[in-house]
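The residues making up each chain are set out below.
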Amino acid sequence: MSPLGIVPTGGGRYERQSEVPDGNAGVRISMLRLAALIREGAGSSLIRGYAATMASPEINLGAVERLTTWVRGRMVYAPDPPEVDRIMAPEAVLEEITRTGRAVGDCAAYVSLLGGLLTALGMPVEVVLISKDADQVYRHVALAAYDGDGRRVPVDVSGEYAVGWEEPNWTAKEVIPI
């Protein structure tokens, strides 16, 4: 079992989740919680307000690119401590940015914020779990959005890849719709 630790959920709220199973079963539990936080966060006035000011109401590739660039420019990547998987709500990430100018987090924090912003615009989003290792344990999370024409737009938001790029060399992959 691995501890999840303290989970900032936005609005100054914190949630403690004790332990999850090791391996993909635990990752899946954490990412289902992330998906729920993205859904909930997309309805917050803070997330909706930022999304509306940064992207036109059109659900298109341009909106995904603008928001991805904005998120990447305001976040600093830092892995979680060993044996802890911190899951941050989109509002918690955005509150840190508004308070300090930057947010620090792992790939799940990037996905949380971008997923919340895109969902607030009405864009369907998926959390994508990825493994590139022989053991097939998920160690990375990315995102995919669907534009107004239903085209899937992959985004590895914590990487420096172009919007539309998707990891081609995965050994295991799972998609969780938001």
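Residues numbered from 1 in each chain as written. Predicted model: local features only at pLDDT ≥ 70, side-chain atom pairs only at ≥ 80, totals over all residues. Heavy atoms only, no water.

**Student:** Just give me the short version of the environment of Val84, but keep the residues and values in it.
**Tutor:** Positionally, Val84 belongs in the loop between strand S3 (75-77) and helix H4 (90-100). We classify Val84 as partly exposed; its relative accessible area is 26%. Distance from Val84 to Glu19, taken between C-alpha atoms, is 9.4 Å for residues 65 residues apart in sequence. (Helix = DSSP H or I, 4+ residues; strand = E, 2+ residues; numbered from the N terminus. Buried < 20%, exposed > 50% of the residue type's maximum accessible area, 1.4 Å probe, protein only.)

**Student:** Lay out the environment of Trp170 with the relevant residues and their values.
**Tutor:** By the element assignment, Trp170 lies in the loop between strand S7 (152-155) and strand S8 (172-177). Along the primary structure Trp170 and Tyr138 are separated by 32 residues, whereas in three dimensions their C-alpha atoms are 9.8 Å apart. Residue contacts for Trp170: discarding those within four places in its chain leaves Ile130, Ser131 and Lys132. (Contact = heavy atoms within 4.5 Å.)

**Student:** Requested: an account of the packing of helix H3 (residues 61-73) against helix H5 (residues 107-120), with residues and values cited.
**Tutor:** Running from N to C, H3 and H5 point in directions that differ by 145°, and their axes come no closer than 10 Å. The way H3 lies across H5 gives a crossing that is right-handed. Where H3 abuts H5, its residues Val64, Leu67, Thr68, Trp70, Val71 and Arg72 lie against Tyr110, Leu113, Leu114, Leu117 and Leu118. When its residues are assigned to classes, the contact of H3 with H5 shows nine nonpolar, one polar and one charged. (Axes fitted to C-alpha atoms, helices over the stretch in contact; angles between N-to-C directions. Left-handed = near helix turned anticlockwise from the far one by under 90°. Nonpolar A, V, L, I, M, F, W, Y, C, P; charged D, E, K, R; others polar.)

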